[in-house]
Amino acid sequence: TIVCLMFAGLLAAVLSALQCSLWRLMLVLTFLLNYIPEIGAVMSAGLAVAAVIFDGSVPRETRLLNTLWLAILGTAIKVVTGNIIEVRLYATRGGQFLRMHPVFMMLLLM
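Being a predicted model, the structure only gives us computed values, none of them experimental. (Residues numbered from 1 in each chain as written. Predicted model: local features only at pLDDT ≥ 70, side-chain atom pairs only at ≥ 80, totals over all residues. Heavy atoms only, no water.)

With respect to helix α4 (residues 60-92)
Next, step 1: Over its 33 residues, α4 runs 46 Å from end to end, which matches the ideal 48 Å to within 8%, given 1.5 Å per residue.
Next, step 2: In α4, a bend of some 30° at Thr-81 exceeds every other bend along the element.
Next, step 3: Asn-66, Thr-67, Leu-70, Gly-74, Ile-77, Thr-81 and Gly-82 are the residues of α4 that are buried.
Next, step 4: Lining the buried residues of α4 we find α1 (2-17) and α3 (39-53). (Helix = DSSP H or I, 4+ residues; strand = E, 2+ residues; numbered from the N terminus. Expected span 1.5 Å × (residues − 1). Bend = angle between axes of the 7 residues up to and from the residue. Buried < 20%, exposed > 50% of the residue type's maximum accessible area, 1.4 Å probe, protein only. Contact = heavy atoms within 4.5 Å.)

Next comes the structure, spelled out in structure tokens:
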């Protein structure tokens, strides 16, 4: 939940900085979609790009530049939160909760 909220908050901050008026909606959607592994992040990225590209209140050239910035910063945010922060949280805090007996894992796989 912490990582999902962090990812959604950072992406919403980027959208707000890019003058996207839907950043509040994207905050909620990104937070909820981030619970779906990998596919949720792709869906939220697609929605964020669509929100930036189809924003008629911003000139066309600015929209294209904002889309480029969103792609760069959004990818960086996902890599940092998913591959660095989340892994460290699981390694330090979740290790004792994520350990399962091998027999139990075999039963789950059957």
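Anyway, onward from the coordinates.
A few points about a nonpolar patch on the surface
Next, step 1: A surface patch of nonpolar side chains, about 470 Å² in accessible area, is lined by Leu-65, Leu-68, Trp-69, Ile-72 and Leu-73.
Next, step 2: For Trp-69, the position within the fold is in helix α4.
Next, step 3: Owing to a relative accessible area of 42%, Trp-69 belongs among the partly exposed residues under this scheme. (Patch = residues over 30% accessible without salt bridge, like charges linked within 9 Å, V, L, I, M, F, W, Y side chains within 5 Å. Areas by Shrake-Rupley, 256 points an atom, 1.4 Å probe, with all protein chains shown as cover. Salt bridge = Lys/Arg side-chain N within 4 Å of Asp/Glu carboxyl O.)

Thoughts on unusual backbone geometry
Next, step 1: Of note, the phi angle at Gln-19 is positive, near 65°, even though the residue is not glycine.
Next, step 2: Within the element layout of this structure, Gln-19 appears in the loop between α1 and α2 (23-33).

Remarks on the packing of α2 against α3
Next, step 1: One way to put it is that α2 packs onto α3 with a least axis distance of 8 Å and a crossing angle of 160°. Taken as axis vectors, α2 and α3 run roughly antiparallel relative to one another. In this structure, the crossing between α2 and α3 has a hand that is right-handed. Here Met-26, Leu-29, Thr-30 and Leu-33 of α2 come into contact with α3, specifically with Gly-40, Ala-41, Met-43, Ser-44, Leu-47 and Ala-48. (Axes fitted to C-alpha atoms, helices over the stretch in contact; angles between N-to-C directions. Parallel < 35°, antiparallel > 145°, perpendicular 65-115°, else oblique. Left-handed = near helix turned anticlockwise from the far one by under 90°.)

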